[in-house]
Amino acid sequence: MVKEKMTVKVFVNHVLVGHAVGIVAGLIPSALLSELSKALMGQMPVFGIMNQLVSIYMLAVPLLIGAAVGYQFKMKPIPMVCVAASAWIGSGALNFTSGGIVINGMGDLVNTLVTISLTSALVLLIGDRLKSFEPLVMPVLVCVIGGGAGVLMFPYIHKVTVGLGQMINSFSVLQPIPMGILIAVCFSVVMISPVSTVAIATAIGLGGIASGAGNLGCVAAAVGMFVGGLHVNKIGLSLSIVLGTPKIMIAAMVRQPKILVPIMLNAALLGTVGALFGIKGTPISAGFGFSGMVGPINAIHFMPGGFTAGNLLVVALVFIVLSFAGGFFFEWLCRQVFHLYKAEDYSTEMAEFRKEKKKAQPKFTLEKA
């Protein structure tokens, strides 16, 4: 096997793709089954167990990210699981208290990203130098150096996340429409970054119309990446973006930030409409978008009368009709009229990896003796 030439660009790309894969794998089960299981767990206990399973799986996101990044670098099993463990350590998901260890959700995904980057670099620098001592020495080095660095950096990296949340929270004092536009646009960008929109929304207690705007920003991100990706990505991958999380497009966004323009325009439109219709939510629902239908369900819950035909029509109009109409229109405008980017700029590394793998398969022919 020919070794891959490691450059800064290749290194960053592998980390971002693995980071996105781990997030998607961890969030998809909860996105698809969480609200359904919560609604039915009172009638059928099996759905209560299902809700517990998807919640536990979601808590494993830092571990999944670490394993996915290790796979991107083609690491051997021991280095791969060591990177996964260091990601969990550096995520800040585990808090030590006098009563024992408390799990704090998925932790800070930005610090997870930084921890994995440092740990992966450490593993690559060590390479095969440990030889037969790798099972004995590698876990210790990665735990103490990689995980320790993540723990030391966590308070400072987390301040950046909290500071971003405070900046977004400052928009909530504005009039509904400017507030809706600014919060929706901010959340549409954050949704495609390593930063967790759910963590930001819950940290600042985003509620009411501000929460609805944040959720519609997440919807704009999901729809925008889905619409743009339809030209180059398989339908299954595109559905994972819109029903799961658009964070799968982190690497594409870093390569071509211009693909954010139609998403931000659509977010501004949805933020305006959301403010006009009084779309509301909770700090939890603000960062979900379409995932698990958390946003639409909470929007209906806060409407006068609750689940009525009129409210269902309004939610369908805002969350589905307008979001997709705006998504298709702004993507067409930016690509075909303004020529900001090409359709290929929405291609994900996972799709490209599958194509390369398919091309690399050797062909065997039978020759006559």
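Note: the structure precedes this text.
Residues numbered from 1 in each chain as written. Predicted model: local features only at pLDDT ≥ 70, side-chain atom pairs only at ≥ 80, totals over all residues. Heavy atoms only, no water.

**Observations concerning the environment of Ser117**
You can see Ser117 is positioned in helix 5 (residues 109-126). Overall, the relative accessible area of 21% leaves Ser117 in the partly exposed class. Ignoring any residue separated from it by four or fewer positions in sequence, one finds Ser117 in contact with Phe11 and Val15. One polar contact links the side chain of Ser117 to the main-chain carbonyl oxygen of Leu113, over a distance of 2.8 Å. (Helix = DSSP H or I, 4+ residues; strand = E, 2+ residues; numbered from the N terminus. Buried < 20%, exposed > 50% of the residue type's maximum accessible area, 1.4 Å probe, protein only. Contact = heavy atoms within 4.5 Å. Polar contact = N/O pair within 3.5 Å; in protein donor to acceptor, adjacent residues only side chain to side chain.)

**Considerations on helix 13 (residues 294-301)**
With respect to burial, helix 13 is a largely interior element, six of its eight residues being buried. All of the buried residues in helix 13 are Val294, Gly295, Pro296, Asn298, Ala299 and Ile300. On its buried face, helix 13 is in contact with helix 1 (8-40), helix 9 (208-229) and helix 14 (309-337).

**Brief notes about unusual backbone geometry**
Here Lys74, not a glycine, exhibits a phi torsion of approximately 55°, which is positive. Positionally, Lys74 belongs in the loop between helix 3 (61-72) and helix 4 (77-90).

**Let's talk about the pairing of strand 2 (residues 100-103)**
In the sheet, strand 1 (residues 94-97) pairs with strand 2 via four bridges, with the strands oriented antiparallel. Across the sheet, residue Phe96 finds its bridge partner in strand 2, namely Ile101. The turn joining strand 1 and strand 2, which pair antiparallel and follow one another in sequence, is formed by two residues. (Pairing = 2+ DSSP bridges.)

**Here's the deal with the side chain of Asp345**
Looking at the element boundaries, Asp345 is found in the loop between helix 14 and helix 15 (349-360). At 6.0 Å, Lys258 is the nearest oppositely charged side chain to Asp345, a buried residue that forms no salt bridge. One polar contact links the side chain of Asp345 to the main-chain amide nitrogen of Lys342, over a distance of 2.9 Å. Sequence-distant contacts of Asp345, that is, excluding residues within four places in its chain, are made with Ala252, Arg255, Gln256 and Ile259. (Lys, Arg positive; Asp, Glu negative; His and termini not counted. Salt bridge = Lys/Arg side-chain N within 4 Å of Asp/Glu carboxyl O.)

**Details of the packing of helix 6 (residues 134-169) against helix 7 (residues 176-190)**
Look at helix 6 against helix 7: their axes get within 10 Å of each other, and the N-to-C directions meet at 155°. As summarised for this structure, helix 6 and helix 7 are arranged roughly antiparallel, according to the angle between their axes. Read as a crossing pair, helix 6 and helix 7 show a hand that is left-handed. Taken together, the residues of helix 7 that come into contact with helix 6 (itself represented by Leu164, Met167 and Ile168) are Ile183, Cys186, Phe187 and Val190. Tallied by class, the residues present in the contact of helix 6 with helix 7 amount to seven nonpolar, no polar and no charged. (Axes fitted to C-alpha atoms, helices over the stretch in contact; angles between N-to-C directions. Parallel < 35°, antiparallel > 145°, perpendicular 65-115°, else oblique. Left-handed = near helix turned anticlockwise from the far one by under 90°. Nonpolar A, V, L, I, M, F, W, Y, C, P; charged D, E, K, R; others polar.)

**What to know about the pattern of salt bridges**
Counted under the stated rule, the structure contains three salt bridges. A salt bridge links Lys76 to Glu134; the nearest nitrogen and oxygen atoms lie 3.5 Å apart. Of the two residues, Lys76 is situated in the loop between helix 3 and helix 4 and Glu134 in helix 6; the sequence distance between them amounts to 58 residues. Judged by its relative accessible area of 8%, Glu134 falls in the buried class. Across the salt bridge formed by Arg335 and Glu331, the nearest N and O atoms sit 2.7 Å from each other. A residue pair is termed a helical-turn pair when its members lie 3 or 4 positions apart in one helix, as Arg335 and Glu331 do in helix 14 at four residues. The residues Arg335 and Glu331 share a single accessibility class, namely buried. Salt bridges sharing common partners tie together Lys76, Asp128 and Glu134.

**Topic: the packing of aromatic side chains**
If you walk through the whole model with that rule in mind, you get five aromatic pairs. When the centroid spacing of 5.3 Å and the interplanar angle of 40° are considered together, the rings of Phe11 and Phe73 count as tilted. Placement of Phe11 in helix 1 and of Phe73 in the loop between helix 3 and helix 4 is noted, with a sequence separation of 62 residues between them. We note that Phe11, like Phe73, is buried. Three or more aromatic residues link up through ring pairs in this structure, and these residues are Phe329, Phe330 and Trp332. (Phe/Tyr/Trp six-rings, centres within 6.5 Å; stacked < 30°, edge-to-face > 60°.)

**Things to note about the environment of Asn311**
Checked against the element boundaries, Asn311 lands in helix 14. According to the relative accessible area criterion, Asn311 is buried, its value standing at 11%. Sequence separation between Asn311 and Ala325 is 14 residues; the distance between their C-alpha atoms is 20 Å. Those residues within four positions of Asn311 in sequence are excluded, and the remaining contacts are Ile300, Met303, Pro304, Gly305 and Gly306. Side-chain polar atoms of Asn311 contact the backbone oxygen of Pro304, separated by 3.1 Å. Reaching out from Asn311, the side chain makes a polar contact with the backbone oxygen of Gly306 at a distance of 2.6 Å.

**Some points on a nonpolar patch on the surface**
Residues Leu32, Leu230, Ile235, Leu239, Leu243 and Phe328 make up a contiguous nonpolar surface patch of about 530 Å² in total accessible area. A total of three residues in the nonpolar patch trace back to one element, the largest contributor, which is helix 10 (residues 235-243). Note that Leu32 resides in helix 1. (Patch = residues over 30% accessible without salt bridge, like charges linked within 9 Å, V, L, I, M, F, W, Y side chains within 5 Å. Areas by Shrake-Rupley, 256 points an atom, 1.4 Å probe, with all protein chains shown as cover.)

So, to be careful, I would describe these as geometric facts and stop short of saying anything about function.
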